[in-house]
Amino acid sequence: MRKLRTLNAVYETGTVLIVRLPTAEASYEVACEAIAGGIRAVEVTLTTPGALDVIRRLGSEYPEAEIGAGSVLDATSAYASIQAGARFLVSPHVDLGMLETAGRYQAASICGAATPTEIVQAATAGADLVKLFPSSVLNRDYARAVLEPLGHIPLVPAGGVSPDNVAEWFDAGVAAVGVGSFITKAAQRESTERHPVGAAARTFLEAVADARA
């Protein structure tokens, strides 16, 4: 049931927040504000110093949110992430060890792929969702073309997604999107908002809702 809840959170909001920041504290603070803004699925990348502690802390303090680990490259890091409380695992590539570990412990898996061959391999190996990566290079036209024969595979682009282009992604047929800097770096932009990250999260979720309406 926990895995189903995680996947439902992704499908219902159409959004996975990717937190890739220089420090553990910055990652924690941004994730907290984003969750307050309505984000329900947060991926903390393992490239973040102290990422497992951030995952553990967020999972303990925000049981209503789905906290996952990103940049999970192999079975060892997959198991460590699950032990820290990660409810979903994200990789930039197809790794059978990561997928097997996710399946064994019933964590949802989002496996990275770029070509049609990789996308099918990821789905065949058991990925619950397939991350189109990097979507900043593989654009909406590419996603639409790939989904014509592979529309049964739930695709989640990650990279360069913003409120300005999110409608184009959903028009192309993707299941959800991964968003990073538009939300995580909101505090670095000029804003009159008291909580700019939370405001950016709300703006993005509203754009997704409008795109899917």
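Let us look at the structure shown here. (Residues numbered from 1 in each chain as written. Predicted model: local features only at pLDDT ≥ 70, side-chain atom pairs only at ≥ 80, totals over all residues. Heavy atoms only, no water.)

**Some words on the packing of helix H2 (residues 24-36) against helix H3 (residues 51-61)**
- The interhelical angle for the contact between H2 and H3, taken along N-to-C directions, is 25°, at an axis separation of 10 Å. Relative to H3, the element H2 is oriented roughly parallel. Judged by the sense of rotation from one axis to the other, the crossing of H2 with H3 is right-handed. Here Ala24, Glu25, Ser27, Tyr28, Ala31 and Cys32 of H2 come into contact with H3, specifically with Val54, Arg57, Leu58 and Glu61.
- In terms of residue class, the contact of H2 with H3 is made up of 6 nonpolar, 1 polar and 3 charged. (Axes fitted to C-alpha atoms, helices over the stretch in contact; angles between N-to-C directions. Helix = DSSP H or I, 4+ residues; strand = E, 2+ residues; numbered from the N terminus. Parallel < 35°, antiparallel > 145°, perpendicular 65-115°, else oblique. Left-handed = near helix turned anticlockwise from the far one by under 90°. Contact = heavy atoms within 4.5 Å. Nonpolar A, V, L, I, M, F, W, Y, C, P; charged D, E, K, R; others polar.)

**Side note on the environment of alanine 80**
- The residue alanine 80 is located in helix H4 (residues 75-83) in this model.
- Taking the relative accessible area as the measure of exposure, alanine 80 reaches 29% and is therefore partly exposed.
- Placed 106 residues apart in sequence, alanine 80 and alanine 186 show a C-alpha to C-alpha distance of 30 Å. (Buried < 20%, exposed > 50% of the residue type's maximum accessible area, 1.4 Å probe, protein only.)

**Observations concerning the packing of aromatic side chains**
- Throughout the structure, instances matching the rule amount to 2 aromatic pairs.
- Where phenylalanine 182 meets phenylalanine 204, the ring centres are 6.4 Å apart and the plane angle is 40°; that geometry is what we call tilted. With phenylalanine 182 in helix H9 (residues 181-184) and phenylalanine 204 in helix H10 (residues 196-212), this residue pair connects regions lying 22 residues apart in the sequence.
- Under the relative-accessibility criterion, phenylalanine 182 is labelled partly exposed at 23%.
- Overall, the relative accessible area of 0% leaves phenylalanine 204 in the buried class.
- Above the plane of the ring of tyrosine 28 lies arginine 57, whose end atom (NZ or CZ) is 3.5 Å from the centre.
- One Lys or Arg, lysine 131, reaches over the ring of phenylalanine 133 and ends 4.6 Å from the middle of that ring. (Phe/Tyr/Trp six-rings, centres within 6.5 Å; stacked < 30°, edge-to-face > 60°. Lys NZ or Arg CZ within 6 Å of the ring centre and 35° of its normal.)

**Overview of unusual backbone geometry**
- With an omega of -5°, the peptide bond between phenylalanine 133 and proline 134 qualifies as cis.
- Relative to the helices and strands, proline 134 resides in the loop between strand E6 (129-132) and helix H7 (140-150).
- Non-glycine residue serine 71 carries a positive phi angle of around 55°.
- When you line up the elements, serine 71 lands in the loop between strand E3 (66-70) and H4.
- With a relative accessible area of 16%, serine 71 lands in the buried category.
- For glutamine 106, which is not a glycine, the phi torsion comes out positive at approximately 55°.

**Here's the deal with the sheet that holds E6**
- The 8 strands are arranged E7-E6-E5-E4-E3-E2-E1-E8 in an open sheet whose pairing can be described as parallel. Edge positions in the open sheet fall to strand E7 (155-157) and strand E8 (177-179), since each of these has one partner strand only. Going across the sheet, the axis of each strand differs from the next one's by a mean of 25°, ignoring polarity.
- The pairing of E6 with E7 spans 3 bridges and is parallel. Counted as the bridge partner of lysine 131 is valine 156 from E7. (Pairing = 2+ DSSP bridges.)

**Comments concerning the pairing of strand E2 (residues 41-45)**
- Counting buried residues in E2 gives 5 out of 5 residues, a clear majority hidden from the surface.
- Of the two faces of E2, the one carrying Ala41, Glu43 and Thr45 and the one carrying Val42 and Val44 are both buried.
- Sheet topology places strand E1 (residues 15-19) next to E2; 3 bridges connect them, and they run parallel. Pairing of leucine 17 across the sheet is with valine 42, part of E2.
- This β-α-β element, E1 to H2 to E2, shows right-handed connectivity.
- Bridge count for E2 against E3 is 5 bridges, and the pairing is parallel. (Right-handed = clockwise from strand over helix to strand, strands pointing away.)

**Focus on the nonpolar core**
- Residues Leu58, Leu89, Ile119 and Ile183 are the most contacted members of the largest nonpolar core, which totals 63 residues.
- Sort the elements by how many residues they give to this core and H10 lands first, with 8 residues.
- When neighbours within four sequence positions are excluded, leucine 58 is seen to be in contact with Tyr28, Ala31, Cys32, Val44 and Ile67.
- In terms of nonpolar packing, the next biggest core, distinct from the first, is built from 11 residues, Val10, Val16, Phe88 and Val156 among them. (Core = buried A, V, L, I, M, F, W, Y, C linked by side-chain atoms within 4.5 Å.)

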